[in-house]
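# Observations on the model geometry
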Amino acid sequence: LPATSPTGDVAFPPGFLWGTATAAFQIEGATREGGRTDSIWDTFARIPGAVTGGDDGTVACDHYHRYRDDVALMRSLNLGAYRFSTSWARVRPDGGAPNPQGLAFYDRLVDELLDVGILPWVTLYHWDLPQAVEDAGGWPVRDTAYRFADYAMTVHDALHDRVRVWTTLNEPWCSSFLSYTGGEHAPGRTSRHDGVAAAHHLLLGHGLAAAAIQEVDPAAVVGLTVNLTVADPADPSNPDDVAAAAKHDGLFNRMFLDPVLRGDYPADVRDWVAPYGLDDLIHDGDLAIISTPLDALGVNYYNGSCIAATPPAVVDEAVTDRPDGVRDDDDAPVRATLPPTPSPEGVHHHARGLPRTAMGWEVQPEGLTRLLTRVHRDYTGPRGMALYVTENGAAYDDVPDADGFVDDAADRLAYLDAHLRAVKDAIDAGADVRGYFAWSLLDNFEWAHGYSKRFGIVRTDYETQRRTIKASGRWYAEVARTGVVPGREES
Ligand code: PNW
C-alpha cells in the first residue's frame, strides 16, 4: 500500500490549496456577546451528562476576541485558505432579524484574512441551529429549510463582495442522524422519523441556498461538504456482510450524494427509510432543487468502516461503557464498536485491530484513496466538479512539555502524512482533488466530548488561551509552503 509506507517526497500539483478548518461553535466563545442568542449546542451542553466534563461553548478558544492573533497564526503556518463557519444565532439571533453586530464580526474576520492573502472559505451551517428555530420544530420541519436559505442570503449579502467560496452545510449526516436519531449531538432526539425528515430538509435547505447564491452571484464557487466513509464487509465471502456494508454505504454516503449529484435518492435507500416517511416528505420539485448544479464537493474523511450483519463477539467496552449514560432505546440501538451511531438495523461495526485515535476511530488512510477515486468516478468527475478534502485529522492524548509544546510526530503528524499520501494517490489515479484542509487549526470544543479531545495542529491552553504550534503544525507549515510532503525515515 503506497499510501501507508513511509517513502520519499510527494509533490502536489501547483495551485493545490492548503488550509485548516474550524467551526463557529467550536472556537468562538462569546456566546452571549454582540447580540448572539442560544443555539441548540448552548442548550444541549446544559443537559447534565450530554457533554463530557459538563463543558460548553461559553469561552471555547475565545476566537471571537482573538481572531486577529489567530489569523496571524495561520499566516505563520503558510496557509492558503481558511475554512470557518458563520453562526446562524449570531447573524440572525433567535432566527429573527439580521444582527449588524454579528455580521460585523465576520466582516472583520474576512478583512483580516484577505489582508494576509488567505482565502476565506465560508461554511454557512456547521450544526449550531438557533434554539428558537429548534423550538419551532428544527430540521424535521420543512420550514427550517426556507429559514436556512434566508439566513444564508443574509451572510451572502454581507460578504459576497469579498468571499468567493460558499459551502452550504457541513456534514448533513451528522446534523440529521447523529442529532435527531442517535441523540449524541444536539438537539439530542432519538427518533428515526425525525432523522429522516431532518436529512431531507437539510438537503432541501442546501439546494435552496445554493440556487439562491448562484442566482445573484454567478461567479461564486458553491458547494456542499459531506462526511463519507468506505464501508467494507467484515467477511467479503459472506453475502450478508456484503449486503450490510452496502446498507451502511447507502444510509451514510449515498443518501446524501445521490440526491445532490444524481437527482434522486437511491432505490435501496428509499426502501430502507420508507417506514420513516421519506416519500411523504418529498414534494414535487424538491429533487430538482436539491440537485442544483454545484461547483465543488467537500469530502470529510476520518475513518473507514468494517461492517457485518451480526454484532462482534467482543463488544468494545470503551464505547459501550459510556460515562454519560447510554441513550439507547428501541429507536436507537446501542452501537457495537466505533462510530457512528445510530446504526441501521442489521448494520454492525467491527474493529479490525487497526491503530486507533483517541476517538477510538480506526486509522485507515488507503480508504481515503478509494473514497476519492470512487466519488470522482461516480459523482463529481462526470459533472466536471472539483473535489476538496474539507476535513481530515486526528485526536490524540497530547502531552505538552513545560513550554506547552506537543511532539505529536509519532501520531497526529504521521496520520496527516499518511492521509496526504493517500490524497496524492487518488490524484494520480485521476481524481480531481484541488485542496486539503486539516482538522483542525486549534484544539477546540469537540462536541459531545467537550475539550477532552484535541484535534489541533496548534495546542490551545484553555487556562491561558495560549496557542502553541505542535510538531504536526510545524510540519504542515512546511508542506503548505513547499507543496511537498517530505519523505520520512523508516523507524
Ligand atoms: C466532524 N461520525 O464531526 C465535524 O465536522 C467537526 O466539527 C468535528 O470536530 C470533527 O469531525 C471531529 O469529530 C464528525 O460519528 C463527528 O461519523 C462524528 C462523525 C463524523 C464526523
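Residues numbered from 1 in each chain as written. Predicted model: local features only at pLDDT ≥ 70, side-chain atom pairs only at ≥ 80, totals over all residues. Heavy atoms only, no water.

### Quick look at helix α9 (residues 192-216)
Where we set the bar: Strands are runs of DSSP state E lasting at least two residues, helices are runs of H or I lasting at least four, and both sets are numbered from the N terminus onward. To estimate how far a helix should extend, the number of its residues minus one is multiplied by 1.5 Å. Any residue under 20% of the maximum accessible area for its type is buried, any over 50% is exposed, and the rest in between are partly exposed; the area is computed with a 1.4 Å probe on protein chains only. N or O atoms closer than or at 3.5 Å make up a polar contact, with two conditions inside protein: a donor-capable atom paired with an acceptor-capable one, and, for residues adjacent in sequence, both atoms drawn from side chains.
With 25 residues, α9 should reach 36 Å at 1.5 Å per residue; the first-to-last C-alpha distance of 37 Å fits that figure. In terms of burial, α9 is largely enclosed, as 19 of its 25 residues are buried. The N-cap residue of α9 is S191: its side-chain oxygen and the backbone nitrogen of H193 are 3.2 Å apart.

### Digging into the pairing of strand β2 (residues 17-21)
Successive residues of a regular strand alternate their side chains across the two faces of the sheet. To be explicit about the condition: Strands pair, by our definition, only if DSSP identifies at least two bridges between them.
The element β2 is largely enclosed, with a buried count of five among its five residues. Both faces of β2 are covered, namely the face carrying L17, G19 and A21 and the face carrying W18 and T20. The sheet contact formed by β2 and strand β3 (residues 81-85) spans three bridges and is parallel. Counted as the bridge partner of G19 is A81 from β3.

### Considerations on the packing of aromatic side chains
When we look at a pair of aromatic rings, we describe it by the centre distance and by the angle of the planes. We count it as follows: Whether two aromatic rings pair depends on their centres lying within 6.5 Å, for rings of Phe, Tyr and Trp, where Trp uses its six-membered ring; planes under 30 degrees apart make the pair stacked, over 60 edge-to-face, and the rest tilted. Look at NZ for Lys and CZ for Arg. If either is within 6 Å of the ring centre and within 35 degrees of the ring normal, a charge sits over the ring.
Tallying each qualifying case throughout the model produces 35 aromatic pairs. Of the aromatic side chains, those joined through ring pairs into one cluster are F25, W41, F44, W127, F445, W447, Y451 and Y462. The ring centre of Y379 lies 4.9 Å from the NZ or CZ of R262, which sits over that ring.

### Some words on unusual backbone geometry
A186 connects to P187 through a cis peptide bond whose omega is 10 degrees. Along the chain, the position of P187 falls in the loop between α8 (172-181) and α9. A positive phi angle is found at N78, which is not glycine, with a value near 65 degrees. Mapped onto the fold, N78 is located in the loop between α3 (63-76) and β3. If you check the backbone angles, W127 has positive phi at about 85 degrees while not being a glycine.

### Some details on the site of the ligand
Cut-off, in case you're wondering: We call a residue near a molecule or strand when any one of its heavy atoms sits within 4 Å of it. Residue-level accessible areas treat just the shown protein chains as cover; the underlying method is Shrake-Rupley with a 1.4 Å probe. Residue polarity follows a fixed list, in which Ala, Val, Leu, Ile, Met, Phe, Trp, Tyr, Cys and Pro are nonpolar, Asp, Glu, Lys and Arg are charged, and the others, Gly among them, are polar.
Lining the immediate surroundings of the ligand are 19 residues, of which Q26, H126, E391, E446 and W447 lie closest. Between the ligand and Y302, the relevant distance is 3.2 Å, taken from an oxygen atom to a side-chain nitrogen or oxygen of the residue. Protein contacts shield 94% of the accessible area of the ligand, which totals 460 Å² for the unbound molecule. The element that contributes the greatest number of residues to the shell around the ligand is α8, accounting for three residues. Partitioned by chemical class, the residues of the shell around the ligand number twelve nonpolar, four polar and three charged.

### Digging into the sheet that holds strand β7 (residues 231-233)
Cut-off, in case you're wondering: Interaxial angle, 0 to 180 degrees, is taken between N-to-C directions of lines fitted to C-alpha atoms, where a helix line uses only the stretch in contact.
Taken together, the three strands give an open sheet; going across it, the order is β7-β9-β10, and neighbouring strands pair in mixed fashion. A strand with exactly one partner marks an edge of an open sheet, and here the two such strands are β7 and β10 (348-350). Across the sheet, the mean angle separating the axes of adjacent strands is 50 degrees when strand polarity is ignored. Across three bridges, the pairing between strand β9 (residues 305-308) and β10 is antiparallel. Paired with C306 across the two strands is H350, which belongs to β10.

### Quick look at the side chain of H201
What counts is decided by this rule: Only heavy atoms matter for contacts: two residues are in contact if any of them lie within 4.5 Å across the pair.
Note on placement: H201 falls in helix α9. In contact with H201, other than residues within four places in its own chain, are W139, P140, V141, R142, A145 and L281.

### As for the environment of L224
Inspection of the secondary structure puts L224 in strand β6 (residues 221-227). Residue L224 is classed as buried on the basis of its relative accessible area of 2%. In sequence terms L224 and R92 are 132 residues apart; their C-alpha atoms lie 22 Å from each other. With residues near it in sequence (within four places) discarded, L224 still touches T167, T168, L169, P172, H206, V260, L294, A296, L297 and G298.

### Notes on helix α17 (residues 471-482)
Across its twelve residues, α17 extends 17 Å between first and last C-alpha, which sits within 8% of the 16 Å expected from 1.5 Å per residue. Of the residues making up α17, those classed as buried are A471, S472, G473, W475, Y476, A477, V479 and A480. Contact partners of the buried residues in α17: β2, α3, α16 (409-428), β12 (433-439), β14 (467-469) and β15 (484-485). A positive phi of about 75 degrees marks G483, the residue just after α17.

### A look at the UniProt feature "active site" (unreviewed entry) in the chain
Put simply, the rule is: UniProt positions are given in the numbering used here, feature names are shortened, and annotations may be inferred rather than shown by experiment.
Here, the residues flagged by UniProt with the feature "active site" (unreviewed entry) are E391. Here E391 lies in strand β11 (residues 386-391). Setting aside residues no more than four positions away along its own chain, E391 makes contact with A21, R83, H126, N170, E171, V299, N300, Y301, Y302, F437 and W439. In terms of polar contacts, E391 uses its side chain to reach the side chain of R83, at 2.9 Å.

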